[in-house]
Amino acid sequence: MLYAIMGNDVADSTVKRQGARPAHLARLQQLQDEGRLILAGPFPAVDASDPGAAGFTGSLVVAEFSSLAAAEAWAAADPYVAAGVYAQVTVRPYKKVFPT
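Analysis parameters
- Residues numbered from 1 in each chain as written.
- Predicted model: local features only at pLDDT ≥ 70, side-chain atom pairs only at ≥ 80, totals over all residues.
- Heavy atoms only, no water.
- Helix = DSSP H or I, 4+ residues; strand = E, 2+ residues; numbered from the N terminus.
- Contact = heavy atoms within 4.5 Å.
- Lys, Arg positive; Asp, Glu negative; His and termini not counted.
- Charge placed at Lys NZ, Arg CZ, Asp CG, Glu CD.
- Salt bridge = Lys/Arg side-chain N within 4 Å of Asp/Glu carboxyl O.
- Buried < 20%, exposed > 50% of the residue type's maximum accessible area, 1.4 Å probe, protein only.
- Phe/Tyr/Trp six-rings, centres within 6.5 Å; stacked < 30°, edge-to-face > 60°.
- Lys NZ or Arg CZ within 6 Å of the ring centre and 35° of its normal.
- Pairing = 2+ DSSP bridges.

Draft legend 1. Spotlight on the overall build of the protein. Scanning the protein from N- to C-terminus turns up three helices and four strands. Mapped from its N terminus to its C terminus, the protein presents α and β elements in the order β-α-β-β-α-α-β. C-alpha extents for the protein along the principal axes are approximately 35 × 30 × 25 Å. For the protein, restricting intrachain contacts to residue pairs at least 6 apart in sequence, the fraction spanning at least 24 positions comes to 72%. Of the side chains in the protein, 8 bear a positive and 9 a negative charge, and the two mean positions are spaced by 5 Å.

Draft legend 2. Focus on the pattern of salt bridges. Taken as a whole, this structure holds three salt bridges when the rule is applied. Residue R17 pairs with D9 through a salt bridge whose shortest N-O separation is 2.6 Å. Given a relative accessible area of 7%, R17 falls into the buried group. A salt bridge links R27 to D78, with the nearest nitrogen and oxygen atoms 3.7 Å apart. Placement of the pair is R27 in helix α1 (residues 14-33) and D78 in the loop between α2 (68-76) and α3 (79-82), with a sequence separation of 51 residues. Taken individually, R27 and D78 each receive the classification buried, so the pair is uniform in this respect.

Draft legend 3. Expanded view of the side chain of D78. For D78, a relative accessible area of 4% corresponds to the buried category. Once residues within four sequence positions are removed from consideration, D78 is found in contact with H24 and R27.

Draft legend 4. Geometry of the packing of aromatic side chains. Tallied over the full model, the rule gives three aromatic pairs. Judged by centre distance (5.7 Å) and plane angle (50 degrees), the ring pair of F65 and W74 falls under tilted. You'll find F65 and W74 in the same group, each marked buried. Grouping aromatic residues by their ring pairs yields a cluster made of Y3, F65 and W74. One cation-aromatic arrangement involves R27 over W74; the distance from NZ or CZ to the ring centre is 4.1 Å.

Draft legend 5. Quick look at the pairing of strand β3 (residues 56-64). Relative to β3, strand β1 (residues 2-9) runs antiparallel, the two sharing seven bridges. Looking at β3, one finds that A4 is bridged to V62. Both strand β2 (residues 37-44) and β3 contribute to a ladder of seven bridges, which runs antiparallel. Bridged to L37 within β3 is A63.

Printed below as a string of structure tokens:
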């Protein structure tokens, strides 16, 4: 089953994000290597693909997990959680309809 993992950043998360980013990306790469990652990326704080100093306000990961509990456990172990980047993380079942 697919799950959407949405992290909402704390204020002024840029420095924390930068420090934890390599480990965060390594975990996403592992999901991709396993063929379980559908998409992942951050939410820019402004209407631009490169927000510069404005930074990001959160992230979205859509990936396959065996259960909601497995997705929640994966999300809880994210380096962004450990680094205090996220103020809140939500995990929800997700049904992909398009593209087919």
